[in-house]
Amino acid sequence: MSSPEAESEPEAGPDLPAVAPQLRALRRRASLTLEAAARAAGLSPAHLSRLETGQRQPSLPMLLALARVYGTTVSELLGETVADRDAVVRAADMEPTAAGGWTYWQAGASGRGMQALRVHVPHGAQGDIVRVHPGEEWLYVLKGRLRLRLGDTTHRLAPGDSAHFDSLTPHRIAAQDPDGVELLFVHTLLQSPTATLCLGPITGGTP
């Protein structure tokens, strides 16, 4: 399957000036460097830079790839008006999503600069996965005890404790109790869907 960059696209057209700054603004909203965004979308940094400065016109595959990376829609990339989002998310509307042993409930609107989740982390699930990615994370322990490793330091958090850190700091999250741990989780990782939330390379050992 070819990458979006492999397809040829026309030179900048008359409608591109409205698209180019939107591409740049959405990348910055997602807290992504030019290099990180280009890599995630299958483009070179130079090519993405030309798209953002209006020197090239993005093809549809490129728009789809960038929309996925920025956690938005092609319509928003094109500067079209986005329908108003509900400010309130009802408990009955929170559908659970399972990924990698964790269970997620969306606790905020999609397409925002921050994403809010309620998370259940079972004991032993993903405890040996190191996560490194652009953005910030904030978590609050609702129930159970959490083992959080930031760099070379291990923290143990009890209900009521919270942590706020730069996601470029290598980190591991693990439940300390057999019943797991319940968290409120806010992150700026818009480039990944819930199913691949900040998963990094697996390493040996325990945090």
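The structure under discussion appears in the preceding block.
Computed from a predicted structure; not experimentally measured.

## Quick word on the sheet that holds strand β6 (residues 153-157)
Part 1 of the argument: The strand order across the open sheet built from three strands is β6-β5-β8, with neighbouring strands paired in antiparallel fashion. Lying at the two open borders of the sheet, with one neighbouring strand each, are β6 and β8 (171-175). Along the sheet, successive strands turn relative to each other by an average axial angle of 15°, direction set aside.
Part 2 of the argument: Direction of pairing for strand β5 (residues 146-150) relative to β8: antiparallel, over a ladder of five bridges. Paired with Leu150 across the bridge in β8 is His171.

## What about a nonpolar patch on the surface?
Part 1 of the argument: Side chains of Trp138, Leu142 and Leu184 sit close together on the surface and give an oily, nonpolar patch of about 230 Å² of accessible area.
Part 2 of the argument: Of note, Leu142 is situated in strand β4 (residues 136-143).
Part 3 of the argument: In this structure Leu142 comes out as partly exposed when scored by relative accessible area, which is 40%.

## Things to note about unusual backbone geometry
Part 1 of the argument: Located in the positive-phi region is Ser31, a residue other than glycine, with phi close to 60°.
Part 2 of the argument: By the element assignment, Ser31 lies in the loop between α1 (16-29) and α2 (34-41).
Part 3 of the argument: Classification of Ser31 by relative accessible area gives partly exposed; the value is 36%.

## Brief notes about the nonpolar core
Part 1 of the argument: Ranked by internal contacts, the top residues of the largest apolar core, which has 21 residues, are Leu32, Leu43, Leu48, Leu51, Leu66, Tyr70 and Leu77.
Part 2 of the argument: The contact partners of Leu48, leaving out residues within four places of it in the chain, are Arg27, Leu34, Ala37, Ala38, Leu43, Leu66 and Tyr70.
Part 3 of the argument: Core analysis: the next-biggest nonpolar cluster, separate from the first, contains 20 residues, Tyr104, Val121, Ile173 and Phe185 among them.

## Examining helix α3 (residues 45-52)
Part 1 of the argument: Residues His47, Leu48, Leu51 and Glu52 constitute the buried set of α3. An end-on view of α3 places all buried positions within 140° of arc, on one side of the element.
Part 2 of the argument: Looking one or two residues beyond α3, the residue adopting positive phi is Gly54, at roughly 85°.

## Considerations on the pattern of salt bridges
Part 1 of the argument: Taken as a whole and judged by the stated rule, the model has three salt bridges.
Part 2 of the argument: One salt bridge connects Glu52 with Arg27, and the closest N-O pair in it is separated by 2.7 Å. Of this pair, Glu52 sits in helix α3 while Arg27 sits in helix α1, and the two are 25 residues apart along the sequence. Residue Glu52 shares its accessibility class with Arg27, and that shared class is buried.
Part 3 of the argument: Residue Asp177 is joined to Arg145 by a salt bridge in which the shortest nitrogen-to-oxygen separation is 2.7 Å. Here Asp177, found in the loop between β8 and β9 (181-187), pairs with Arg145, found in the loop between β4 and β5; they are 32 residues apart in sequence, far enough to count as distant.

Parameters at a glance
- Residues numbered from 1 in each chain as written.
- Predicted model: local features only at pLDDT ≥ 70, side-chain atom pairs only at ≥ 80, totals over all residues.
- Heavy atoms only, no water.
- Pairing = 2+ DSSP bridges.
- Helix = DSSP H or I, 4+ residues; strand = E, 2+ residues; numbered from the N terminus.
- Axes fitted to C-alpha atoms, helices over the stretch in contact; angles between N-to-C directions.
- Patch = residues over 30% accessible without salt bridge, like charges linked within 9 Å, V, L, I, M, F, W, Y side chains within 5 Å.
- Areas by Shrake-Rupley, 256 points an atom, 1.4 Å probe, with all protein chains shown as cover.
- Salt bridge = Lys/Arg side-chain N within 4 Å of Asp/Glu carboxyl O.
- Buried < 20%, exposed > 50% of the residue type's maximum accessible area, 1.4 Å probe, protein only.
- Core = buried A, V, L, I, M, F, W, Y, C linked by side-chain atoms within 4.5 Å.
- Contact = heavy atoms within 4.5 Å.
- Arc of directions from axis to C-beta.

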